[in-house]
Amino acid sequence: MAATEAGGRAAPVNASANAGPGMGTGSRKAFYQFGYARAADQDAFAATGKPPRHPIVVVGAGPVGMTVAIDLAMRGNEVVILDDADRIGEGSRAICFFQRTLEIWDRLGVGKPMVDKGITWQVGKDFLRDDLVYQFDLLPEDGHKMPAFINLQQYYAELYLVERIVELPRIDLRWRNKVSAIDSHADGVRLTIETPDGPYEIEADWLIACDGAKSPLRAMMDLEFKGEVFDDRFLIADVKMTADFPVERWFWFDPPFHAGQSALLQKQPDDIWRIDLQLGPEADPETEQKLENVVPRIEWMLGHSNFELKWVSLYSFQCRRIDRFVHDRVVFCGDSAHEISPFGARGANSGVQDAENLAWKLDFILKGEADTSLMATYDAERSDAADENIGHSTRSTDFIAPKTEMERTLRNAVLHLAARTEFARAMVNSGRLSQSVTYATDFSTPDTEAFSGSAKLGAPVPDATLRTAEGRET
Amino acid sequence: MMDLITTSQLAAPDAAYNMIVDAHRGLDEKDSAVLNARLVFLLANHIGELSVLEQAIALAKEEL
Ligand SMILES: Cc1cc2nc3c(=O)[nH]c(=O)nc-3n(C[C@H](O)[C@H](O)[C@H](O)COP(=O)(O)OP(=O)(O)OC[C@H]3O[C@@H](n4cnc5c(N)ncnc54)[C@H](O)[C@@H]3O)c2cc1C
């Protein structure tokens, strides 16, 4: 396997913050670089002209593709993963992972490194201009193995997933294997793959498309990606700061250092702080990314200039989804199926839940324990989940970035009342933290008898103590 | 589901009307909008029924 041959372990390559092409102030090179290795399939295809066939091919080694691959492999299936890149750690993306995601990763053997490296915060503060309007304290809940959430850079999450893959002989992870064409038919998919050694072809019984929000596979299949595109741009900055600073999440509506917009500050591991600055639709991205504009705002937020800028980039956000998640033997999973604006941190979190929903179903189908119609339940349940997540993050985006003057007046009225009343605090929406979706589809047969426990139909089972046959509690 | 009450409930309708108008007196348009926004949220929470709020919005939005 490529990753093994690159030294068995992912090796840090570069963590500098030098200016790079097209990234304004700072571009970080990849943190972890892996090697390309020629796959036996390439020789087989060259020799016979016949594409070797695999039961499961996953396209995309992002958090979602790796999760679904690990889950399927741990259930005894052979999995090929193809990724067009050979590195992780480029760019700053997800930083917040929730309990349900951590529980799934824990089952797959990667929960511990994530939780050990990740950090949590408890106190969140929301400001309107200079005034603290709302402060909340997320007290840790007892009785759960996994914390409610952790902050962890996405590249660490990806690194731990790669390291887990290296331990699993059933996964064949191929870097710099870019899928350039697919031919989907009723009982399989033929893929054309570009590599540094030239193209080759393989066949898959099932193809899982985890190729991200821009999904080239979705485009190859001419599938629509519909939804709302927000005009506002956001500037994301990561700064390193070792100074004493409370580990709290601070959110400003209409900050004094950035009138009319919003700003968010929260901590990640390695003394890195994530800053999100809303720029508004009219902002000129070039100007906004200039150091002389970015640095003073950060100085104001932190109250000093004792920090080092590690990464700056601009994003605009969308809430869109694909109409159907399953097309014959091609299954969309993660961002390729739904793009969710980051308020509430639902992107990767919901993708990991797609992965877990899909893995056991596909495993049943491949083992002949269920027929392919089971896949319709994946489509139904995860479509519902996508709608729910998109609904939440759209409402957060609307609250954070009001679209008209009157919307802003209403929003600020809530913030004003939040400092004075409890009901208004419940309306303040600087991102609703992601929770696992409760499936209300037809597959959750209704209870016929009353039940008083906290477990709900269609929802994950809460952590509980089990008693063994010998009467021991675990 | 509760119905929106549209029959007179206030013992002194004139006083209620004047109370609201007085509250706006001396405010410019912008501040008036702010006052209205705050009032709407306070009263909506006091009502505490989404369906009543929905009926009130529908009635208020007639011809808009
Ligand atoms: C600023 C920001 C903050 C965010 N914060 C959070 C957060 O706090 N919490 C959260 O849960 N989510 C967050 N998200 C969303 C999260 O980053 C994504 O939801 C997540 O990366 C999706 O994972 P994925 O595996 O579906 O796709 P990706 O991570 O996009 O991975 C797709 C992979 O497919 C590969 N690929 C693409 N095309 C091909 C091809 N033709 N052949 C082979 N390989 C291909 C790519 O190289 C890539 O490795 C945030 C996003 C942004 C931008």
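Residues numbered from 1 in each chain as written. Chains lettered and ligands numbered in written order. Predicted model: local features only at pLDDT ≥ 70, side-chain atom pairs only at ≥ 80, totals over all residues. Heavy atoms only, no water.

Colleague: Tell me about the pairing of strand β8 (residues 131-137) of chain A, residues and numbers included.
Modeller: Residues and elements named next belong to chain A. Inspection of the sheet shows strand β7 (residues 123-128) paired to β8 by 6 bridges, in the antiparallel sense. Directly across from aspartate 126, in β8, lies its bridge partner tyrosine 134. What sits between β7 and β8 in their antiparallel hairpin is a turn of 2 residues, with arginine 129 showing a positive phi close to 50°. (Pairing = 2+ DSSP bridges. Helix = DSSP H or I, 4+ residues; strand = E, 2+ residues; numbered from the N terminus.)

Colleague: Any details on the site of the ligand? Residues and values, ideally.
Modeller: All names here are of chain A. Lining the immediate surroundings of the ligand are 29 residues, of which Asp83, Asp84, Gln154, Asp335 and Asn349 lie closest. The separation between an oxygen atom of the ligand and a polar main-chain atom of valine 64 is 3.0 Å. Between the ligand and the protein, one listed contact pairs an oxygen atom with a side-chain N or O atom of aspartate 335 at 2.7 Å. For the ligand, the accessible surface in isolation is 1,000 Å², of which the surrounding protein chains cover 90%. Residues belonging to the shell around the ligand are distributed by class as follows: 15 nonpolar, 8 polar and 6 charged. (Near = heavy atom within 4 Å. Polar contact = N/O pair within 3.5 Å; in protein donor to acceptor, adjacent residues only side chain to side chain. Areas by Shrake-Rupley, 256 points an atom, 1.4 Å probe, with all protein chains shown as cover. Nonpolar A, V, L, I, M, F, W, Y, C, P; charged D, E, K, R; others polar.)

Colleague: Residues and numbers for the side chain of His258(A), please.
Modeller: Residue and element names in this part refer to chain A. With respect to the helices and strands, the residue histidine 258 is situated in the loop between β15 (248-253) and β16 (262-268). A distance of 3.1 Å separates a polar atom in the side chain of histidine 258 from a polar atom in the side chain of arginine 297. If near-sequence neighbours (up to four positions away) are discounted, histidine 258 is found in contact with Leu277, Gln278, Leu279 and Arg297. (Contact = heavy atoms within 4.5 Å.)

Colleague: Could you give an account of the side chain of Ser383(A), naming the residues involved and the relevant values?
Modeller: Residue position: Ser383(A) is located in helix α11 (residues 375-400). Sequence-distant contacts of Ser383(A), defined by excluding residues within four places in its chain, comprise Arg321(A), Phe325(A) and Tyr378(A).

Colleague: Please set out the packing of aromatic side chains residue by residue, giving values where relevant.
Modeller: All names here are of chain A. Counted according to the given criterion, the structure contains 23 aromatic pairs over all chains. Aromatic side chains phenylalanine 97 and tryptophan 105 sit 5.4 Å apart centroid to centroid with 50° between the ring planes, which places their arrangement in the tilted category. Ring geometry for phenylalanine 325 against tyrosine 378: centres 6.0 Å apart, planes inclined by 65°, an arrangement best described as edge-to-face. With phenylalanine 325 in the loop between β18 (308-322) and β19 (326-327) and tyrosine 378 in helix α11, this residue pair connects regions lying 53 residues apart in the sequence. Tyrosine 378 carries the same exposure label as phenylalanine 325, and that label is buried. (Phe/Tyr/Trp six-rings, centres within 6.5 Å; stacked < 30°, edge-to-face > 60°. Buried < 20%, exposed > 50% of the residue type's maximum accessible area, 1.4 Å probe, protein only.)

Colleague: Give a description of the environment of Asp398(A) that names residues and reports values.
Modeller: Residue and element names in this part refer to chain A. Structurally, aspartate 398 can be placed in helix α11. Distance in space between the C-alpha atoms of aspartate 398 and asparagine 429 is 9.1 Å, their sequence separation being 31 residues. Excluding residues within four positions of it along the chain, aspartate 398 makes contact with Phe230, Lys403 and Glu407. A polar atom in the side chain of aspartate 398 sits 2.9 Å from the side chain of lysine 403.

Colleague: Please give an account of the interface of chain A and chain B that cites residues and values.
Modeller: Taken together, the contact between chain A and chain B spans 10 residues of the former and 7 residues of the latter. With both sides pooled, the region where chain A packs onto chain B buries about 820 Å², and carbon together with sulfur makes up 85% of that total. Per-residue buried area on chain A facing chain B is highest for Thr409(A), Leu417(A) and Phe423(A); these three make up 47% of the total on that side. The interface formed by chain A and chain B includes 0 salt bridges. Seen at the junction of chain A and chain B, the total is 1 residue pair in polar contact (both at pLDDT 80 or more). Here the element with the most residues in the side of chain A that touches chain B is helix α12 (residues 405-418) of chain A; it accounts for 7 residues. Across the side of chain A that touches chain B, the residue classes tally to 7 nonpolar, 3 polar and no charged. (Buried area = accessible area lost by both parts, 1.4 Å probe. Salt bridge = Lys/Arg side-chain N within 4 Å of Asp/Glu carboxyl O.)

Colleague: Give me the lowdown on the nonpolar core, citing residues and values where you can.
Modeller: With 80 residues, the main nonpolar core has Trp105(A), Met114(A), Leu191(A) and Ile208(A) as its most contacted residues. Of the residues forming this core, the biggest block, 8 residues, is contributed by helix α6 (residues 154-167) of chain A. (Core = buried A, V, L, I, M, F, W, Y, C linked by side-chain atoms within 4.5 Å.)

Colleague: Could you give an account of the packing of helix α3 (residues 63-74) of chain A against helix α10 (residues 347-366) of chain A, with specific residues and numbers?
Modeller: Residue and element names in this part refer to chain A. Where α3 contacts α10, the axes come no closer than 8 Å and their chain directions differ by 30°. Judged on the interaxial angle alone, α10 and α3 are roughly parallel. Considering the relative orientation of α3 and α10, their crossing is right-handed. For the pair α3 and α10, contact is made by Pro63, Val64, Thr67, Val68, Asp71 and Leu72 and by Ala348, Gly351, Val352, Ala355, Glu356, Leu358, Ala359, Leu362 and Asp363, respectively. (Axes fitted to C-alpha atoms, helices over the stretch in contact; angles between N-to-C directions. Parallel < 35°, antiparallel > 145°, perpendicular 65-115°, else oblique. Left-handed = near helix turned anticlockwise from the far one by under 90°.)

Colleague: I'd like a description of the pairing of β7(A), backed by residues and values.
Modeller: All names here are of chain A. Along β7, 6 of the 6 residues are buried, which leaves the element largely enclosed by surrounding structure. Here β7 shows a buried face lined by Val123, Lys125 and Phe127 and a second buried face lined by Gly124, Asp126 and Leu128. Pairing of β7 with β15, which is carried by 6 bridges, proceeds in the parallel orientation. Opposite aspartate 126, over in β15, you have phenylalanine 251 as the bridge partner.

Colleague: Can you explain the sheet that holds strand β17 (residues 272-280) of chain A? Please cite residues and give values.
Modeller: Residues and elements named next belong to chain A. Across the sheet, 8 strands lie side by side as β8-β7-β15-β16-β17-β14-β18-β21; this open sheet has mixed pairing. Lying at the two open borders of the sheet, with one neighbouring strand each, are β8 and β21 (338-339). Where α12 meets the sheet, it contacts β7, β8 and β15, and its direction lies at approximately 125° from that of β7.

Colleague: I'd like to hear about the environment of Gly62(A), residue by residue, with values.
Modeller: Residues and elements named next belong to chain A. With respect to the element layout, glycine 62 can be found in the loop between β3 (53-59) and α3. Looking at glycine 62, the relative accessible area reads 21%, which means it is partly exposed. When the C-alpha atoms of glycine 62 and glycine 91 are compared, they prove to be 13 Å apart, with 29 residues separating the residues in sequence.

Colleague: Describe the pattern of salt bridges, with residues and values.
Modeller: Residues and elements named next belong to chain A. Per the stated rule, a full pass over the model turns up 36 salt bridges over all chains. For arginine 174, the salt bridge is made with aspartate 41, and the minimal N-O distance between the two is 2.9 Å. Highlighted residues: arginine 174 in strand β10 (residues 171-174) and aspartate 41 in helix α2 (residues 40-48), separated in sequence by 133 residues. Judged by relative accessible area, which is 3%, arginine 174 ranks as buried. A relative accessible area of 9% places aspartate 41 in the buried class. One salt bridge in this structure joins glutamate 381 and lysine 361, with 3.0 Å as the shortest N-O distance. Of the two residues, glutamate 381 sits in helix α11 while lysine 361 sits in helix α10, which places them 20 residues apart along the sequence. Here glutamate 381 falls in the buried class, since its relative accessible area comes to 10%. Judged by relative accessible area, lysine 361 falls into the buried class, the value being 2%. Overlapping salt bridges, with partners in common, bring together Asp71, Arg75, Arg100, Glu103, Arg107 and Glu356 in one network.

The values reported here are purely geometric and, on their own, carry no functional implication.
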